[in-house]
Amino acid sequence: MRLFYKIKPDSYKASMDQIREKFSLHQEVDEARTILSGEDDSQIERVIGTYDPESDDVAQVRVTIHDKSLRQFFDSILGEPFLVKD
């Protein structure tokens, strides 16, 4: 399942940090993109956030999960997704 969120830029870093800490994910930062991934992808494949403060009005986060019960956690942190793909 892929979940797509748009969030406020001022909560972007805190949200990504909270997700990283909750699931003990590894973080890679490449310019305007942050990628969170873990060694075991049975529940979460990856979380990709993009935000460029010079050109973006909103931050976007794409979450790829295998355990659909985790959607509730991500919705509580990131809000309602604007797009869901099963």
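Our subject is the structure listed above.
Presented here is a report on the structure given in the accompanying data block. Everything quoted here is computed from the prediction, not taken from an experiment.

**Focus: the overall build of the protein**
When helices and strands are tallied, the protein shows 2 helices and 6 strands. Start at the N end of the protein and walk to the C end: the helices and strands fall as β-α-β-β-β-β-α-β. Taking 2.2 N^0.38 as the reference for a compact globule, 86 residues should give roughly 12 Å; the C-alpha atoms of the protein span a radius of gyration of 12 Å, in line with that estimate. Here the C-alpha coordinates of the protein stretch approximately 35 × 25 × 20 Å along the principal axes. Considering only intrachain contacts with a sequence separation of at least 6, the fraction spanning at least 24 residues in the protein is 53%. With an accessible surface of roughly 5500 Å², the protein has 41% of that area assigned to carbon and sulfur atoms. Here the protein contributes 12 positively and 18 negatively charged side chains, and the mean placements of these two sets differ by 5 Å.

**As for the packing of aromatic side chains**
Two measures describe an aromatic ring pair: the distance that separates the ring centres and the angle between the ring planes. Under the defined criterion, the tally for this structure stands at 5 aromatic pairs. Taken together, a centroid distance of 5.9 Å and an interplanar angle of 55° make the contact between Y12 and Y51 tilted. Of this pair, Y12 sits in helix 1 (residues 9-23) while Y51 sits in the loop between strand 4 (44-50) and strand 5 (59-65); the two residues are 39 residues apart in sequence, bridging distant segments of the chain. The pair formed by Y12 and Y51 is uniform in burial state, with each residue classed as buried. Where F23 meets F74, the ring centres are 5.8 Å apart and the plane angle is 15°; that geometry is what we call stacked. Of this pair, F23 sits in helix 1 while F74 sits in helix 2 (residues 71-78), and the two are 51 residues apart along the sequence.

**Thoughts on a positive patch on the surface**
A cluster of basic residues, R2, R33, R62 and K85, forms a positive patch at the surface. Locating K85 in the fold gives a position in strand 6 (residues 83-85).

**Some details on helix 1**
End to end, helix 1 covers 22 Å across 15 residues, agreeing with the expected 21 Å (1.5 Å per residue, within 8%). Every buried residue of helix 1 is accounted for by Y12, S15, M16, D17, I19 and F23. Following helix 1 by one or two positions, S24 adopts a phi angle in the positive range, close to 50°.

**Some thoughts on the pattern of salt bridges**
Under the counting rule described, the total for this entry stands at 7 salt bridges. The partner of R20 in a salt bridge is D17, with the nearest N and O atoms 3.6 Å apart. With R20 and D17 both in helix 1 and 3 residues apart, this pair spans about one turn of that helix. Residue classification places D17 among the buried residues on the basis of a relative accessible area of 18%. Judged by its relative accessible area of 24%, R20 falls in the partly exposed class. Through salt bridges that share partners, K13, D17, R20 and E21 make up one connected network.

Criteria and cut-off values
- Counting restarts for each chain, with residues numbered from 1 along the sequence as it is written.
- A pLDDT threshold of at least 70 governs which residues receive local features in this predicted model, and a stricter bar of 80 or more applies before side-chain atom pairs are shown or counted, although totals over entire chains, interfaces and linings include all residues.
- By convention in this description, side-chain values take in all heavy atoms of the structure and omit both hydrogens and water.
- To qualify as a helix, a DSSP run of H or I must reach at least 4 residues; to qualify as a strand, a run of E must reach at least 2; elements of each kind are numbered from the N terminus.
- In this description the radius of gyration comes from C-alpha coordinates, and the expected globular size is given by 2.2 Å times residues to the power 0.38.
- We call two residues contacting when some pair of their heavy atoms lies within 4.5 Å.
- Every accessible area reported is derived by Shrake-Rupley at a probe size of 1.4 Å, with residue values counting cover from the shown protein chains alone.
- The convention is simple: Lys and Arg are positive, Asp and Glu are negative, and His and the chain ends are not counted.
- Charged groups are reduced to one reference atom each: NZ for lysine, CZ for arginine, CG for aspartic acid, CD for glutamic acid.
- Think of it this way: a Phe, Tyr or Trp ring, Trp meaning its six-membered ring, pairs with another when their centres are within 6.5 Å, and the plane angle makes it stacked under 30 degrees, edge-to-face over 60, tilted otherwise.
- Buried residues are those whose accessible area, probed at 1.4 Å on protein chains only, stays under 20% of the maximum for their type, while exposed residues exceed 50% and partly exposed ones sit between those limits.
- Distance thresholds for patches are 9 Å for like charges and 5 Å for nonpolar side chains (Val, Leu, Ile, Met, Phe, Trp, Tyr), applied to residues having over 30% relative accessible area and no salt bridge.
- By convention in these notes, a salt bridge is any Lys or Arg side-chain nitrogen within 4 Å of a carboxyl oxygen on Asp or Glu.
- Expected helix span is taken as 1.5 Å per residue step, with the number of steps being one fewer than the number of residues.

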